[in-house]
Amino acid sequence: MAELFALLANVWDTVRFPLGGAACLSGAILCIIGTIGVLRFPDFYTRVHAASITDTSGAGLVVVGMVLMAPSWIVVVKLFCILGFLLLTSATASHALVNAAHTAGLQPKIGPMAKRGHDDEEEGAH
Amino acid sequence: MAYLLGIFFAILAFWMGNSGYYKPLMLGFAALSITVTLFACARMQLIDREGAPYVRLFGWLAYYPWLTWEVIKSNWVIIKACLRADLDIHPALVKIKTVCKSDLAKVTFANSITLTPGTVTVEIEGDKLLVHGLYEASTVPEAFLEMDRRCARAADPAEKRA
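Residues numbered from 1 in each chain as written. Chains lettered and ligands numbered in written order. Predicted model: local features only at pLDDT ≥ 70, side-chain atom pairs only at ≥ 80, totals over all residues.

Participant: Quick question: what am I supposed to make of the overall build of chain B here?
Facilitator: Check the secondary structure of chain B and you find five helices and three strands. A globule of 162 residues ought to have a C-alpha radius of gyration of about 15 Å, yet chain B, at 20 Å, is considerably larger. Taking the principal axes of its C-alpha atoms as reference, chain B extends roughly 65 × 40 × 25 Å. A sequence separation of at least 24 residues applies to 71% of the contacts in chain B between residues at least 6 apart. (Helix = DSSP H or I, 4+ residues; strand = E, 2+ residues; numbered from the N terminus. Rg over C-alpha atoms; globule rule 2.2 N^0.38 Å. Contact = placed C-beta atoms within 7 Å.)

Below, the structure is given as structure tokens:
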């Protein structure tokens, strides 16, 4: 039984660095996807949705990857603290931004978004 | 007194998890800083139900895994929306009514909506929430019923529940 546990620990020590690296890399890619969304979406309110990908899955995967590669339990505890505070505060920050925009009177674009060319024509007509 | 003990053990666990040094000098500093923090909490009148919410710990433990799964699912939808060649989004602004009674439950519900990509809480007024969503189909009031029910179960005290 002790040998089995030793073997498992050995396998885990070999596997966790590639796994953690993969998680960090996919988190970074998700952050880039969120940025692409921020650049493509038409108005402020929809851009906040794209940025929330970066907040949740992007940051979450990066932290999970770091947890997998952490050298000791102390670091794991700290990383989970960071993750918890990040998830609580990023949602609050997006709400504060959107609420401020709404209070200031910024009107969201509602309804189906047409393709870019068509959209330009419509704006030209107004 | 129970609330004070609750906050004390939470701070102690936080300190233990962050420090990792257990020499007498460091433990002395820990005792000092915990005392100062507890004194500050007492001065700010934070030692109450909301300061030490242990009664609802089990409700939250049941709620957050479900929320994580919801966040992952809606992340996938928004990732596809970001990368699709033609932008097919259909933004909508809806007003939804919540069954949550306490402030804590309402905050949990509104924060969960904002944390889920594709929907964001714009405003809370009484028991109505103004929500902006990226797709109209997933922003109808019916789509939030389950999250609302689960938030009320997780964070509302039992006697207030409808």
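Participant: Can you walk me through the environment of Tyr 54 of chain B in this structure?
Facilitator: All names here are of chain B. As for its position among the elements, Tyr 54 is in the loop between helix H2 (24-43) and helix H3 (57-83). The partly exposed category is assigned to Tyr 54, around which 14 C-beta atoms lie within 10 Å. With 51 residues separating them along the chain, Tyr 54 and Tyr 3 place their C-alpha atoms 8.9 Å apart. (Buried ≥ 20, exposed ≤ 12 C-beta atoms within 10 Å, placed from the backbone.)

Participant: Would you mind showing me how to read the domain arrangement of chain B here?
Facilitator: By convention, interface size is frequently given as the accessible area that disappears when the constituent parts associate. Under the domain assignment, chain B is made up of domain 1 (2-43) and domain 2 (57-160). Between domain 1 of chain B and domain 2 of chain B, the C-alpha centre-to-centre distance is 35 Å. (Domains from an automatic or database assignment.)

Participant: Just to check I follow, could you spell out the packing of helix H3 (residues 73-103) of chain A against helix H4 (residues 103-115) of chain B for this structure?
Facilitator: Two packed helices can be described by the angle between their axes and the distance between those axes. Where H3 of chain A contacts H4 of chain B, the two axes come as close as 9 Å, and the packing angle between them is 85°. With respect to H4 of chain B, the axis of H3 of chain A lies roughly perpendicular. Only Ala 110, Asn 111, Thr 114 and Leu 115 of chain B of H4 of chain B make contact with H3 of chain A, whose side of the interface consists of Leu 87, Ala 91, Thr 92, Ser 94 and His 95 of chain A. Along the lines of polarity and charge, the residues of the contact of H3 of chain A with H4 of chain B split into four nonpolar, five polar and no charged. (Axes fitted to C-alpha atoms, helices over the stretch in contact; angles between N-to-C directions. Parallel < 35°, antiparallel > 145°, perpendicular 65-115°, else oblique. Nonpolar A, V, L, I, M, F, W, Y, C, P; charged D, E, K, R; others polar.)

Participant: Explanation requested: the pairing of strand E2 (residues 119-125) of chain B in the structure shown.
Facilitator: Walk down a regular strand and you will see the side chains alternate between the two sheet faces. Residues and elements named next belong to chain B. Across six bridges, the pairing between E2 and strand E3 (residues 128-133) is antiparallel. Among the inter-strand pairings, Thr 119 is bridged to a residue of E3, identified as Gly 133. Linkage of E2 to E3, two consecutive antiparallel strands, is achieved through a turn of two residues, within which Gly 126 is found at a positive phi near 60°. (Pairing = 2+ DSSP bridges.)

Participant: Any chance you could explain the sheet that holds E2 of chain B here in plain terms?
Facilitator: Sheet strands pair by backbone hydrogen bonding; their relative direction is either parallel or antiparallel. All names here are of chain B. Pairing is antiparallel across the open sheet formed by three strands, whose spatial order is E1-E3-E2. Across the chains shown, the open sheet's two edge strands, defined by having one partner strand only, are strand E1 (92-97) and E2. On average, adjacent strands in this sheet sit at an angle of 25° to one another, irrespective of strand direction. H4 contacts E2 and E3 of the sheet and is inclined by roughly 150° relative to E2.

Participant: Mind showing me how you'd approach helix H5 (residues 145-155) of chain B here?
Facilitator: For an α-helix the count is 3.6 residues per turn, leaving residues at separations of three or four pointing the same way. Residue and element names in this part refer to chain B. Every buried residue belonging to H5 is among Met 147, Asp 148, Cys 151, Ala 152, Ala 154 and Ala 155, and all of these are buried. What you see down the axis of H5 is that its buried residues fit within an arc of 165°, all on one side. The elements touched by buried residues of H5 are H3 and H4. (Arc of directions from axis to C-beta.)

Participant: Would you take a moment to explain the interface of chain A and chain B for this structure?
Facilitator: At the junction of the two partners, chain A supplies 31 residues and chain B supplies 28 residues. Of all elements in the fold, only helix H1 (2-40), helix H2 (44-68) and H3 of chain A reach the threshold of two or more residues within the side of chain A that touches chain B. By residue number, the principal contributor to the side of chain A that touches chain B is H3 of chain A, which donates 11 residues. In terms of residue class, the side of chain A that touches chain B is made up of 15 nonpolar, 12 polar and four charged.

Participant: What exactly am I supposed to notice about the pairing of E3 of chain B here?
Facilitator: As paired strands, E1 of chain B and E3 of chain B are joined by six bridges and run antiparallel to one another. In the sheet register, Val 94 of chain B faces E3 of chain B, and the bridge partner there is Val 131 of chain B.

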